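Residues per chain are reported as follows:
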Amino acid sequence: MKSNRAKVLHQLDGRPLISHVCRTALALKPRAIYVIVGHQAEEVRAAIESEFDSGAHHILFVHQREQRGTGDAVMAARDHLAGDTRPILILSGDVPLVRSQTLVKLIDTHRSANAAGTMLTVRLENPTGYGRIIRNEAGDFIKIVEQKDATGDERQIREINAGLYCFGSDKLSEALDELKPNNQQREYYLTDVPAILKSRSEVVAVYQHNDAREVSGVNTRAELAEFENLIRRNAIRRLMIENGVTFIDPSHAYISSDAQIGRDCVIHPDVHIQGKSVLGEACEIHQGTRITDSRIGNRVTIKDHCVIIESKIADDCAVGPFAHLRMNAQMEERAVVGNFVEVKKSRIGRGSKSMHLTYLGDATIGEETNIGAGTVTCNYDGKNKNPTIIEDHVRIGSDTMLVAPVRVGSGAVTGAGSVVTEDVPPNTLVAGVPAKIKKKLDDSE
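Summarised in this report is the structure supplied together with it.

Cut-offs applied
- For every chain, the first residue of the written sequence is number 1, and numbering continues from 1 onward in sequence order.
- Given that this is a predicted model, residues contribute local features only at a pLDDT of at least 70 and side-chain atom pairs are listed and counted only at 80 or more, while totals for whole chains, interfaces and linings are drawn from all residues.
- No hydrogens and no water enter the side-chain calculation; it runs on all heavy atoms of the structure.
- Counting from the N terminus, the helices are the DSSP runs of H or I reaching at least four residues and the strands are the DSSP runs of E reaching at least two.
- Each radius of gyration is computed over the set of C-alpha atoms, and the globule rule expresses the reference value as 2.2 Å times the number of residues to the power 0.38.
- Any residue under 20% of the maximum accessible area for its type is buried, any over 50% is exposed, and the rest in between are partly exposed; the area is computed with a 1.4 Å probe on protein chains only.
- To measure how exposed things are, a 1.4 Å probe is used in the Shrake-Rupley method; for residues, cover is taken only from the protein chains shown.
- The charge count treats Lys and Arg as positive and Asp and Glu as negative. His and the chain ends do not count.
- Each charge is placed at NZ for Lys, CZ for Arg, CG for Asp and CD for Glu.
- Note on aromatic pairs: the rings of Phe, Tyr and Trp (six-membered ring only in Trp) are paired at centre separations within 6.5 Å, and the planes decide the class, stacked below 30 degrees, edge-to-face beyond 60, tilted for the rest.
- Strands are labelled as partners when DSSP assigns at least two bridges between them.
- The contact criterion used is simple: two residues touch if any of their non-hydrogen atoms lie within 4.5 Å.
- For this document, the term salt bridge refers to a Lys or Arg side-chain nitrogen within 4 Å of an Asp or Glu carboxyl oxygen.
- The method works on a 1 Å grid over the protein atoms by themselves. A cavity is a set of points holding a 1.4 Å probe that cannot get out, a pocket is an open set with protein on both sides within 12 Å along at least five of seven lines, and residues with an atom within 4 Å of a point line them.
- Grid points are joined across faces, edges and corners, and a volume is the space filled by probe spheres set on the points.
- Gly is put with the polar residues, along with every residue not named as nonpolar or charged; the nonpolar set is Ala, Val, Leu, Ile, Met, Phe, Trp, Tyr, Cys and Pro, and the charged set is Asp, Glu, Lys and Arg.

Observations regarding the overall build of the chain
Link 1 in the chain: Counting its regular elements, the chain contains eight helices and 39 strands.
Link 2 in the chain: Since a compact globule built from 445 residues should have a radius of gyration of about 22 Å, the 30 Å found for the chain marks it as more spread out than a globular shape.
Link 3 in the chain: Of all 445 residues assigned to the chain, the portion counted as buried reaches 48%.
Link 4 in the chain: Roughly 21,400 Å² of accessible area belongs to the chain as shown, and the carbon and sulfur atoms make up 46% of that amount.
Link 5 in the chain: Charge separation in the chain, taken as the distance between the mean sites of 55 positive and 59 negative side-chain charges, equals 1 Å.

Focus on the packing of aromatic side chains
Link 1 in the chain: Using the criterion set out here, one finds two aromatic pairs in the structure.
Link 2 in the chain: Plain terms: the ring middles of Tyr 165 and Phe 167 are 5.6 Å apart, the flat faces sit at 15° to each other, and that makes the pair stacked. Across this residue pair, the class does not change: Tyr 165 and Phe 167 are buried.
Link 3 in the chain: Aromatic pair Phe 322 and Phe 340: ring centres 5.1 Å apart, planes at 5°, arrangement stacked. With Phe 322 in the loop between strand S23 (318–319) and strand S24 (324–326) and Phe 340 in strand S26 (residues 336–344), this residue pair connects regions lying 18 residues apart in the sequence.
Link 4 in the chain: According to the relative accessible area criterion, Phe 340 is partly exposed, its value standing at 47%.

A few points about the sheet that holds strand S22 (residues 312–313)
Strands pair in a sheet through their backbones, by hydrogen bonds, and they do so in one of two ways: parallel or antiparallel.
Link 1 in the chain: The strand order across the open sheet built from nine strands is S13-S16-S19-S22-S25-S27-S29-S32-S35, with neighbouring strands paired in parallel fashion. For this open sheet the edge positions go to strand S13 (260–261) and strand S35 (406–408), each flanked by a neighbour on one side alone.
Link 2 in the chain: Examined bridge by bridge, S13 and strand S16 (residues 278–279) share two bridges and lie parallel to one another. Among the inter-strand pairings, Ile 261 is bridged to a residue of S16, identified as Leu 279.

Topic: the environment of Ser 352
Link 1 in the chain: Following the sequence through the fold, Ser 352 ends up in the loop between strand S27 (347–348) and strand S28 (353–361).
Link 2 in the chain: Distance in space between the C-alpha atoms of Ser 352 and Cys 317 is 9.9 Å, their sequence separation being 35 residues.
Link 3 in the chain: Not counting residues within four places of it along the chain, the set of residues in contact with Ser 352 comprises Arg 334, Ala 335, Val 336, Ile 365, Gly 366, Glu 367, Glu 368 and Thr 369.

With respect to the pairing of strand S7 (residues 132–135)
Link 1 in the chain: Sheet analysis places S7 next to strand S8 (residues 141–145), joined by four bridges and oriented antiparallel. Among the inter-strand pairings, Arg 135 is bridged to a residue of S8, identified as Phe 141.

What to know about the pattern of salt bridges
Pairing between side chains of opposite charge can happen when the charged atoms of each approach one another.
Link 1 in the chain: Taken as a whole, this structure holds 24 salt bridges when the rule is applied.
Link 2 in the chain: For Asp 315, the salt bridge goes to Arg 299, with nearest N and O atoms at 4.0 Å. With Asp 315 in the loop between S22 and S23 and Arg 299 in the loop between strand S19 (295–296) and strand S20 (301–302), this residue pair connects regions lying 16 residues apart in the sequence.
Link 3 in the chain: For the salt bridge of Arg 326 with Glu 342, the shortest nitrogen-to-oxygen distance reads 2.6 Å. Residue Arg 326 is located in strand S24, and its partner Glu 342 is located in strand S26; the two are separated by 16 residues in the primary sequence.
Link 4 in the chain: Via salt bridges that share partners, Arg 15, Arg 23, Glu 51 and Asp 258 belong to a single interconnected network.

Description of the layout of surface pockets
Link 1 in the chain: The calculated volume of the second largest pocket comes to roughly 640 Å³.
Link 2 in the chain: Along the walls of the second largest pocket sit 21 residues, with Pro 96, Leu 97, Val 98, Arg 99 and Ile 231 positioned nearest its centre.
Link 3 in the chain: Secondary structure elements with two or more residues in the lining of the second largest pocket: helix H1 (17–26), helix H5 (100–112) and helix H8 (221–243).
Link 4 in the chain: Top element by residues in the lining of the second largest pocket is H8. It accounts for five residues.
Link 5 in the chain: Across the lining of the second largest pocket, the residue classes tally to seven nonpolar, six polar and eight charged.

Quick look at unusual backbone geometry
Link 1 in the chain: Here the amide bond leading from Gly 320 into Pro 321 is cis, since omega sits at 5°, within 30 degrees of zero.
Link 2 in the chain: Of note, Pro 321 is situated in the loop between S23 and S24.
Link 3 in the chain: Cis rather than trans, the peptide bond between Ala 404 and Pro 405 has omega equal to 0°.
Link 4 in the chain: Secondary-structure assignment places Pro 405 in the loop between strand S34 (401–403) and S35.
Link 5 in the chain: With a phi angle near 50°, Asn 114 is a residue other than glycine that sits in the positive phi range.

Everything listed is a geometric property; what it means functionally is a separate question.
Here you go:
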């Protein structure tokens, strides 16, 4: 990968490679998952624990003190497997696209053959770099030969080892006792284990899979980009065919495979919908917008170049252009946020509007309230973040500074350029620096 970061930590579809493999393994409902960690062990562990509850899912971490090959990695977990006779799957942390259905077929092949060990193989047009599957004239498995140790004739073989195995735990443990670093790298190859089992007159089975891409590993950034493109194209095609979503230019949209988008939504070019975002029906998302881990209601319009992160937008709202919602910003039905408005950890009530050049931080805004251009909720006093509360039917004049903590009562009005440092009673007009009550307003005003 030509990287200072461990390969399995590189991101694919918004999560590390290792997380994809763990997710697939969890779909099989295993008794436990053992993650062998070595290089950047703490970072790998943190990446997995940030997505999965390791205790609830029985994900255990085993440290490989020296990186001496795949066989040595499995040896590190031997004590955890002692006395267990159930099948054990061995998966590679850099094979992110493998499906649980494929692993079930591998297990079924293992069980039906009553095998001591079973490996998954595929045929490649260009098998360079992969271990070759050596068979006898009858087609029975003999051994795996790594690329670096293969002869010229062996390198012509197109069936390769995909690095996915199913072993009887007891048989695997016995074979590991015989594993030797008899190769140019002086490493312990897990690929030698099937041949060891064969020499002990054990049954070694092969499940040849028909989709090489699914079980391919990621070894370069170019391959990582290819995988990303494949996942993205599949997600967009599924949404178009199954959900009735329109993509103006599917080749220039970036959609997480976890995203949900409802019927009759229209997605313009260069839109990024990331993480577990959910969009309702009949939304229109315009060019350059990024939506991450957010929930969008029905009939919502997001105009050009907006950023919406971990926020909620209810039905019939409009956002943007150039708006920024973050940290659990919330918009209730028919609320509108306009151009160059930032909303942070705030709630905008039903039918309320903030149309221009405004910052709303740590604020609660009631219904049918209008926030004038240039308004700022001054929520930070140098030590703490403080709340601003603006009640229903309020009109905040342009360039108003609301110095939190402060409350503006229902029906109140602030004059343009006001600096509000004290609570504003309901149905009053305040203005000035600092803002003072100018008059009492009738309900009709």
